[in-house]
Amino acid sequence: AQSVTQPDIHITVSEGASLELRCNYSYGATPYLFWYVQSPGQGLQLLLKYFSGDTLVQGIKGFEAEFKRSQSSFNLRKPSVHWSDAAEYFCAVGEPSGQNFVFGPGTRLSVLP
Amino acid sequence: SAVISQKPSRDICQRGTSLTIQCQVDSQVTMMFWYRQQPGQSLTLIATANQGSEATYESGFVIDKFPISRPNLTFSTLTVSNMSPEDSSIYLCSVSGARNQPQHFGDGTRLSIL
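Summarised in this report is the structure supplied together with it. Computed from a predicted model, the values in this text were never measured in an experiment.

### A few points about the side chain of B:Ser88
Residue and element names in this part refer to chain B. With respect to the helices and strands, serine 88 occurs in the loop between strand E8 (75–80) and strand E9 (89–96). A polar side-chain atom of serine 88 sits 3.0 Å from the main-chain carbonyl oxygen of proline 85. At a separation of 3.0 Å, a polar atom in the side chain of serine 88 contacts the main-chain amide nitrogen of isoleucine 113. Apart from the residues within four sequence positions on either side, serine 88 is in contact with Pro39, Leu111, Ser112 and Ile113.

### Some words on unusual backbone geometry
Residue B:Lys7 is joined to B:Pro8 through a cis peptide bond whose omega torsion reads -10 degrees. Relative to the assigned elements, B:Pro8 resides in the loop between strand E1 (4–7) and strand E2 (10–13). Although it is not a glycine, A:Lys61 sits at a positive phi angle of roughly 60 degrees. Looking at the secondary structure, you find A:Lys61 in the loop between strand E7 (56–58) and strand E8 (64–68). Phi is positive for B:Asn82, close to 45 degrees, though the residue is something other than glycine. Assignment of secondary structure puts B:Asn82 in the loop between E8 and E9. Judged by its relative accessible area of 53%, B:Asn82 falls in the exposed class.

### Focus on the interface of chain B and chain A
Facing 20 residues of chain B, the contacting portion of chain A comprises 20 residues. Summed over both sides, the interface of chain B with chain A buries roughly 1,600 Å², with 55% coming from carbon and sulfur. Run the count over chain B and chain A and you get 0 salt bridges. Looking at the side of chain B that touches chain A, the elements that each hand over two or more residues are strand E4 (31–37), strand E5 (43–49), E9 and strand E10 (104–105) of chain B. Considering each element in turn, the side of chain B that touches chain A owes the most residues, 4 residues, to E4(B). The residue makeup of the side of chain B that touches chain A, split by class, is 7 nonpolar, 10 polar and 3 charged.

### Comments concerning the state of the cysteines
Residues and elements named next belong to chain A. Tallied over the full model, the rule gives 2 disulfides over all chains. Note on cysteine connectivity: cysteine 23 is disulfide-linked to cysteine 91, with sulfurs 2.0 Å apart. Here the disulfide of cysteine 23 and cysteine 91 is left-handed, its torsion about the S-S bond being about -65 degrees. With cysteine 23 in the loop between strand E3 (19–21) and strand E4 (24–26) and cysteine 91 in strand E10 (residues 87–94), this pair connects stretches of sequence that are 68 residues apart.

### Thoughts on the nonpolar core
In this structure, A:Leu19, A:Trp35, A:Leu47, A:Leu48, A:Phe74, A:Leu76 and A:Tyr89 are the most contacted members of the largest nonpolar core, which totals 26 residues. For this core, the elements supplying multiple residues, two or more each, are strand E2 (10–14), E3, strand E5 (32–38), strand E6 (44–50), E8, strand E9 (73–78), E10 and strand E12 (107–112) of chain A. The element that contributes the greatest number of residues to this core is E10(A), accounting for 4 residues. Counting residues in each nonpolar core, the second largest holds 25 residues, with B:Trp34, B:Ala55, B:Tyr57 and B:Ile113 among its members.

Criteria and thresholds
- Residues numbered from 1 in each chain as written.
- Chains lettered and ligands numbered in written order.
- Predicted model: local features only at pLDDT ≥ 70, side-chain atom pairs only at ≥ 80, totals over all residues.
- Heavy atoms only, no water.
- Helix = DSSP H or I, 4+ residues; strand = E, 2+ residues; numbered from the N terminus.
- Polar contact = N/O pair within 3.5 Å; in protein donor to acceptor, adjacent residues only side chain to side chain.
- Contact = heavy atoms within 4.5 Å.
- Buried < 20%, exposed > 50% of the residue type's maximum accessible area, 1.4 Å probe, protein only.
- Buried area = accessible area lost by both parts, 1.4 Å probe.
- Salt bridge = Lys/Arg side-chain N within 4 Å of Asp/Glu carboxyl O.
- Nonpolar A, V, L, I, M, F, W, Y, C, P; charged D, E, K, R; others polar.
- Disulfide = S-S within 2.5 Å.
- Core = buried A, V, L, I, M, F, W, Y, C linked by side-chain atoms within 4.5 Å.

Next comes the structure, spelled out in structure tokens:
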């Protein structure tokens, strides 16, 4: 069965600093991978997705993620964090059918002024 | 992407009562899902809402506790029955329009049971 781990429960960075959130997955076939963000009191917003092709994917709000099959990882990055990026970030793996999404436990990002 | 509206956005309910949550999508979608997010936790899939047939429930969730309807391709409801404080969570509806498409989420229903 597929699974997703996010090793960092909570990360704090200063505004303007770079960011990398880690995600590791376990999946029997080619994974379909996603990053979602949940701001306080909100639902989940899709940041980016990887289905196939270029392993470096660009998303909204200046985020990008890189798929590394050899490391079973799909880490999220941003070169310069803004205070509005403070939120909970979830990595997920799913099937091409759109079903059987499994979410990681989430990483809470705090941003210092 | 589809616009998903959930109602109510939040509610405070008494123990033993039931609440029905609505999920409306602005376009026809193939799949609709219901998730639970307990305080400080990640998302857990409750069930897949199937149009015209009974929902498919995940392990640990039963129809008597979480009856689901999906009368058409744009609307679904989730009822949380006989509520207890342990049911205090965020309940989220998500949709997927086609193969190779991500799930998109509504803003959720924040439910507190006293």
